Amino acid sequence: MSEKARENFGSRFTVIMALAGSAIGLGNIWRFPYMVGEHGGAAFIIIYVLCSLFIALPIFFCESILGKSTGKDTFGALESVAPGTKWKNEGYIALLGSFIIVSYYSVVGGWSVDFLIRSFMNDFKGESFEEAAGIFRHMTSSIWEPIVSLTAFLGLTAAIVAMGIEKGIGRFAKVMMPLLFIMIVIIVVRSCTLPGAGKGIEYMLKPDFSKIDGPAFAAALGQGFFSLSLGVGCVLTYSSYMRKEENVFYTGVWTAIFDTFFAILAGFAIMPAVFSAGLEPSAGPSLVYETLPVIFSRMGPLVPIIFFLAILIAAVTSAMSMLEVLVTWLVDQKGLSRKKATTLFFIACWIVGCVCAVSSKVFSICDFMSSNVFMMFGALVFALVVGWKMKKEDVRTQFTNYGTSHKAGAVFSVVWFLIRWIAPIGIVIIAITNLL
Ligand code: PHE
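Definitions and cut-offs
- Residues numbered from 1 in each chain as written.
- Predicted model: local features only at pLDDT ≥ 70, side-chain atom pairs only at ≥ 80, totals over all residues.
- Heavy atoms only, no water.
- Disulfide = S-S within 2.5 Å.
- 1 Å grid on protein atoms, 1.4 Å probe; cavity = no way out; pocket = protein on both sides within 12 Å on 5 of 7 lines; lining within 4 Å.
- Points joined across faces, edges and corners; volume = space filled by probe spheres on them.
- Helix = DSSP H or I, 4+ residues; strand = E, 2+ residues; numbered from the N terminus.
- Near = heavy atom within 4 Å.
- Polar contact = N/O pair within 3.5 Å; in protein donor to acceptor, adjacent residues only side chain to side chain.
- Areas by Shrake-Rupley, 256 points an atom, 1.4 Å probe, with all protein chains shown as cover.
- Sits in = over half its atoms within 2 Å of the grid points.
- Axes fitted to C-alpha atoms, helices over the stretch in contact; angles between N-to-C directions.
- Left-handed = near helix turned anticlockwise from the far one by under 90°.
- Contact = heavy atoms within 4.5 Å.
- Nonpolar A, V, L, I, M, F, W, Y, C, P; charged D, E, K, R; others polar.
- Parallel < 35°, antiparallel > 145°, perpendicular 65-115°, else oblique.
- Phe/Tyr/Trp six-rings, centres within 6.5 Å; stacked < 30°, edge-to-face > 60°.
- Buried < 20%, exposed > 50% of the residue type's maximum accessible area, 1.4 Å probe, protein only.
- Lys NZ or Arg CZ within 6 Å of the ring centre and 35° of its normal.
- Expected span 1.5 Å × (residues − 1).
- Salt bridge = Lys/Arg side-chain N within 4 Å of Asp/Glu carboxyl O.
- Core = buried A, V, L, I, M, F, W, Y, C linked by side-chain atoms within 4.5 Å.
- Patch = residues over 30% accessible without salt bridge, like charges linked within 9 Å, V, L, I, M, F, W, Y side chains within 5 Å.

Draft legend 1. Summary view of the state of the cysteines. By the definition in use, this model includes zero disulfides. Free cysteine: Cys234, not disulfide-bonded; nearest cysteine sulfur from Cys349 at 12 Å.

Draft legend 2. Geometry of the layout of surface pockets. Each pocket or cavity is described by its volume, and for the largest pocket that value is around 450 Å³. Of all the secondary structure elements, the ones that give two or more residues to the lining of the largest pocket are α2 (26-38), α5 (90-120), α15 (338-358) and α16 (360-389).

Draft legend 3. Seen up close, the site of the ligand. Taken together, 17 residues form the shell around the ligand, and within it Ala23, Leu26, Gly27, Tyr105 and Phe226 come nearest. Take Ala23: an N or O atom from its main chain is 3.0 Å from a nitrogen atom of the ligand. In the model, a nitrogen atom of the ligand is placed 3.0 Å from a nitrogen or oxygen of the Ser227 main chain. If the ligand stood free it would expose 330 Å²; the protein chains cover 100% of that surface. Here the ligand occupies the largest cavity. Of all elements in the fold, only α1 (12-23), α2, α5, α10 (214-227) and α14 (302-334) reach the threshold of two or more residues within the shell around the ligand.

Draft legend 4. Structural context of the packing of helix α8 (residues 165-192) against helix α12 (residues 248-276). Relative to each other, α8 and α12 sit at 35°, their axes nearing to 8 Å. Where α8 crosses over α12, the two elements pack in a sense that is left-handed. Residues Leu180, Phe181, Ile184, Val185, Ile187, Val188, Ser191 and Cys192 of α8 pack against Phe258, Phe261, Phe262, Leu265, Ala266, Phe268, Ala269, Pro272 and Ala273 of α12. Class assignment for the residues of the contact of α8 with α12 results in 16 nonpolar, one polar and no charged.

Draft legend 5. Focus on the packing of α12 against helix α13 (residues 285-298). In the contact formed by α12 and α13, the axes pass within 10 Å of each other and the chain directions differ by 70°. Classified by the angle their axes make, α12 and α13 are roughly perpendicular. The hand of the α12/α13 crossing is left-handed. Residues Ala269, Ile270, Ala273 and Val274 of α12 lie in contact with α13, whose contacting residues are Leu287, Leu292, Ile295 and Phe296. Within the contact of α12 with α13, the residues separate by chemical class into eight nonpolar, no polar and no charged.

Draft legend 6. Summary view of the packing of aromatic side chains. This model, assessed by the stated rule, comprises 33 aromatic pairs. Pairing Phe307 with Phe308 gives two aromatic rings, centres 5.3 Å apart and planes at 70°, and the pair type is edge-to-face. Considered together, Phe307 and Phe308 belong to a single accessibility category, that of buried residues. Grouping aromatic residues by their ring pairs yields a cluster made of Trp30, Tyr104, Trp111, Phe115, Phe124, Phe136, Tyr289, Phe296, Phe307, Phe308 and Phe363. Here the basic side chain of Arg12 rests over the ring of Tyr250, its NZ or CZ set 4.3 Å away from the ring centre. The ring centre of Phe226 lies 5.0 Å from the NZ or CZ of Arg31, which sits over that ring.

Draft legend 7. Spatial organisation of α12. For α12, with 29 residues, the first-to-last C-alpha span of 42 Å sits near the 42 Å given by 1.5 Å per residue. Of all 29 residues making up α12, 21 are buried, and the element is well covered by its neighbours. N-capping of α12 is provided by Asn247, with a side-chain oxygen placed 2.9 Å from the backbone N of Phe249.

Draft legend 8. Representation of the pattern of salt bridges in the model. With the rule as written, the count across this model stands at eleven salt bridges. With a closest N to O distance of 3.0 Å, Asp332 and Arg6 form a salt bridge. On the criterion of sequence distance, the pair formed by Asp332 in helix α14 and Arg6 in the segment before α1 is long-range, its members being 326 residues apart. Of the two residues examined, Asp332 and Arg6, each falls in the buried class. Residues Arg118 and Asp123 are paired through a salt bridge, measuring 3.4 Å at the closest nitrogen-oxygen approach. Under the relative-accessibility criterion, Arg118 is labelled buried at 15%. Looking at Asp123, the relative accessible area reads 25%, which means it is partly exposed. Connected through shared salt-bridge partners, Arg12, Arg243, Glu245 and Glu246 make up one network.

Draft legend 9. Seen up close, the nonpolar core. Phe44, Leu66, Ile169, Leu180, Phe225, Tyr289 and Phe307 are the most contacted members of the largest nonpolar core, which totals 160 residues. Of all the elements, α14 adds the most residues to this core, at 22 residues. In contact with Phe44, not counting residues within four places along its chain, are Phe32, Met35, Val36, His39, Ile212, Ala216, Ala219 and Ala220.

Draft legend 10. Region of the structure containing the side chain of Ser318. Structurally, the position occupied by Ser318 is in helix α14. Apart from the residues within four sequence positions on either side, Ser318 is in contact with Gly21, Ser22, Ile24, Gly25 and Tyr105.

Draft legend 11. Quick peek at the side chain of Ser64. Among the structural elements, Ser64 can be located in helix α3 (residues 42-70). We classify Ser64 as buried; its relative accessible area is 0%. Those residues in contact with Ser64 that lie beyond four places of it in its chain are Val235, Ser239, Met242 and Val248.

Draft legend 12. Just a nonpolar patch on the surface, in detail. Taken together, the side chains of Ile46, Val49, Leu50, Leu53, Phe54, Phe209, Trp388, Phe417, Trp421, Ile422, Ile425 and Ile429 define a hydrophobic patch exposed on the protein surface, amounting to about 1100 Å² of accessible area. At the level of elements, α3 and α18 (406-435) are the ones that each hand at least two residues to the nonpolar patch. Take Ile46: it is sitting in helix α3. Of the residues examined, Ile46 reaches a relative accessible area of 43% and is grouped as partly exposed.

Fair warning: the whole summary comes from geometry, so function is off the table for now.
What follows is the structure, given as structure tokens:
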């Protein structure tokens, strides 16, 4: 596809909403609040922000520079900046990473479809926690139910991707992301005004610096990568559809701000409600699909509907970005039409998703591999290619948008140092810590 014919997102607002849509997902809702509580409250939030600022955000800039400057998919971008070298093989890893993540992520997205329907039918009203846990266990152990909901979730995601960058992904993100913020704020207000909510607020905020150790740093960085969708080509691919006048620095900073802000809001939506019900928080599926439906349904019939709709929107906008990595590759490299490419990957992801839906072992392997192997490796390659293969002046030109962004110009030297040294060294240390 020639560069002229390439679609773009249209406005700056749309690009930021699409990138924020990719970033804000299940990671913000079911992992972040729990990690904060476990690793020292506000103390963890501080190290999370530091890791994001000094390692994750520079990687975000690298992907964005690669995508925007070349206007190509992951393979094409790497081949353009390091022609004739092996670096482009990272493209395979990014594709595999996106493919695996979107497949198992869709299983969880499917559960939210299922639970949204149950919330409409007021299924959780009057249930005890054991009964709600039973509903979840029954659903996940049945064969057809998760597969039907996976099909619905992936079908919705694919339908939006098939409509294209501006008319599909862009339009959906720019309408749904503001709505998502409004929904989460409604739940925060309801949750924080419950009797006994103060304990939950304390859980999120009380700083405990004694819990800040090596594993806390590793957790903060891993979470930062997962949350900003780094290392698997999502940011690169979306950035390849930015208009030329867009600013990589500005879009990156705003995406990170929205992502972090939303994660903290999710904490204030969930933890006060959990503590007010006299429970101890947990993370992952059991929190979202066993504990919260009961607590939220006690707060009124609309609350679980808003909550599961919010999860659904957050998950679809993230899944779209992973599917787009795959679709852009087929369109750019193999010349397929967008509709054909989307259909092919819908089928492939559906098959792997079905396996994940029925086998919790495969599901866990996919989860572990994606954040510990694919994302880390991909992020390292992107940092090395931009920091050591591209010329400093070219990176500066892209980062400052041809010298037009003075703010970007002012921080460039620091960002350049972070990209070349701090980010790669940090990734290697943390990847080793995680794998040990
Ligand atoms: N950032 C998403 C979340 O927080 C997950 C994601 C990972 C999306 C990798 C795209 C790529 O849930």
